[in-house]
Amino acid sequence: MKKTVLMVAMAAASTFSATNTLAEETSPHSFSSNVGIFSQYVFRGITYSDERPALQGGFDYAHDNGLYAGIWGSTLEEDDNSGNSLEVDFYGGYYHQLTDDIGIDVGLLQFYYPDHKKYNGENIDTTEAYLAATWKWFTAKYSRTLTDWGGVNNKSAGIDGYANGDTKGTEYIELNFAYQLPWEVNLNLHVGHLDVKNYSDFNYTDYMIGLSKDLTIGQSEGWTVGINYTDTDADKDWWTGVDGDNRGDNQFIGYISRSF
């Protein structure tokens, strides 16, 4: 009798465990997070941390119907960013895999600065819409601002005698390549071009080559170490940092990050 009860209990436990496992495997929701230390914060070829280390991290949610949303943040160098010491980005969109090799992505990205420090009296928070298409190792992406780009408009630029209008409709076009080399080393290549509406002196093209490798440290998985090299043709007269250097000069960025 005891043997029968034990077998029934074991079967019930097995069924419960299998049901729970199946429920977890078939959940339409997925969550992830990441945190990393970078030797500096470089975005689209421009340093935003004055070549100083930056702490970065974020949280992401995705549904199996293709909808996703997330938040990401980085420390900044205040004097190069209108007195702001932190950038927080909110984003959301829709991703759809058309075939095994082709995917599309459309969404919105909000650049937000919690310190609320302004550029010549204008809010530098910026909203972008983007559209991307992926084919195998290549991703082409087009981004367009729905607000003024970094607070640049007649009011803010007019203080410096350079009032050409607003910057809504500023565009950034990029092409990215991601491929895994031998020894599970990841190669990333990037080229992009910024076209600031009505203020072409800010325009530039940027380039990046990066290598990274996923690691297991101790019993912990999800670690990545890497190094990126970036360069631009940004005009120093328009992209000068507080130290007088060109913020778009060539840079090496080393980092270590972990995803959860």
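In the block above lies the structure referred to throughout.
Owing to the predicted nature of the structure, the values given are computational and were not obtained by experimental measurement.

Q: Would you take a moment to explain the side chain of Asp 125 for this structure?
A: For Asp 125, the position within the fold is in the loop between β7 (102-112) and β8 (126-135). Here Tyr 113 takes part through its backbone nitrogen, which lies 3.1 Å from a polar atom of the side chain of Asp 125. Not counting residues within four places of it along the chain, the set of residues in contact with Asp 125 comprises Gln 110, Phe 111, Tyr 112, Tyr 113, Thr 147 and Asp 148.

Q: Would you take a moment to explain a negative patch on the surface for this structure?
A: On the surface, Glu 51, Asp 243, Asp 245 and Asp 249 cluster together into a patch of negative charge. Among the structural elements, Asp 245 can be located in the loop between β13 (220-232) and β14 (251-259). The exposure class assigned to Asp 245 is partly exposed, which follows from its relative accessible area of 39%.

Q: Would you explain the environment of Asp 214 in this entry?
A: Take Asp 214: it is sitting in strand β12 (residues 204-217). On the accessibility criterion, Asp 214 (49% relative accessible area) is partly exposed. It is 8.8 Å that separates the C-alpha atoms of Asp 214 and Gly 226, two residues lying 12 residues apart in sequence. Not counting the four nearest positions on each side in its chain, Asp 214 is found in contact with Asn 186, Trp 223 and Thr 224. A distance of 2.9 Å separates polar atoms of two side chains, one belonging to Asp 214 and the other to Thr 224.

Q: Mind showing me how you'd approach unusual backbone geometry here?
A: Negative phi characterises most residues that are not glycine, and trans characterises most peptide bonds. For Glu 51, which is not a glycine, the phi torsion comes out positive at approximately 60 degrees. Structurally, Glu 51 is set in the loop between β3 (46-47) and β4 (54-63). For Asn 198, which is not glycine, the phi dihedral falls at a positive 75 degrees. Here Asn 198 is to be found in the loop between β11 (185-195) and β12. A relative accessible area of 36% means that Asn 198 is categorised as partly exposed.

Q: Got a minute to help me understand the pattern of salt bridges in this structure?
A: Oppositely charged side chains are able to pair whenever their charged atoms sit close together. Under the definition given, this model contains 5 salt bridges. A salt bridge links Glu 171 to Arg 144; the shortest N-O distance between them is 3.0 Å. Here Glu 171, found in strand β10 (residues 171-181), pairs with Arg 144, found in strand β9 (residues 138-145); they are 27 residues apart in sequence, far enough to count as distant. In the salt-bridge network here, residues are joined through shared partners; they are Asp 50, Arg 52 and Glu 77.

Q: In this structure, what is going on with the nonpolar core? I would like to understand it.
A: Ranked by size, the top nonpolar core spans 24 residues in total, and within it Trp 149, Leu 194, Tyr 199 and Trp 239 carry the most contacts. Listing elements by their share of this core, those giving two or more residues are β5 (67-75) and β7.

Q: Any chance you could explain the environment of Leu 108 here in plain terms?
A: With respect to the helices, strands and loops of the structure, Leu 108 is situated in strand β7. Residue Leu 108 is classed as partly exposed on the basis of its relative accessible area of 46%. As for Leu 108 and Ser 143, which are separated by 35 residues in sequence, their C-alpha atoms are 9.1 Å apart.

Q: Please explain the packing of aromatic side chains as it appears in this structure.
A: Note on aromatic pairs: each is described by the distance of the centres and the angle between the planes. Tallied over the full model, the rule gives 19 aromatic pairs. Aromatic side chains Trp 137 and Tyr 179 sit 5.5 Å apart centroid to centroid with 75 degrees between the ring planes, which places their arrangement in the edge-to-face category. Here Trp 137, found in the loop between β8 and β9, pairs with Tyr 179, found in strand β10; they are 42 residues apart in sequence, far enough to count as distant. Three or more aromatic residues joined by ring pairs make a cluster, and in this case those are Trp 149, Tyr 162, Tyr 199, Phe 202, Tyr 204, Trp 238 and Trp 239. Between Lys 141 and the ring centre of Tyr 130, over which it is positioned, the NZ or CZ distance is 4.5 Å.

The rules behind each value
Residues numbered from 1 in each chain as written. Predicted model: local features only at pLDDT ≥ 70, side-chain atom pairs only at ≥ 80, totals over all residues. Heavy atoms only, no water. Helix = DSSP H or I, 4+ residues; strand = E, 2+ residues; numbered from the N terminus. Polar contact = N/O pair within 3.5 Å; in protein donor to acceptor, adjacent residues only side chain to side chain. Contact = heavy atoms within 4.5 Å. Patch = residues over 30% accessible without salt bridge, like charges linked within 9 Å, V, L, I, M, F, W, Y side chains within 5 Å. Areas by Shrake-Rupley, 256 points an atom, 1.4 Å probe, with all protein chains shown as cover. Salt bridge = Lys/Arg side-chain N within 4 Å of Asp/Glu carboxyl O. Lys, Arg positive; Asp, Glu negative; His and termini not counted. Charge placed at Lys NZ, Arg CZ, Asp CG, Glu CD. Buried < 20%, exposed > 50% of the residue type's maximum accessible area, 1.4 Å probe, protein only. Core = buried A, V, L, I, M, F, W, Y, C linked by side-chain atoms within 4.5 Å. Phe/Tyr/Trp six-rings, centres within 6.5 Å; stacked < 30°, edge-to-face > 60°. Lys NZ or Arg CZ within 6 Å of the ring centre and 35° of its normal.

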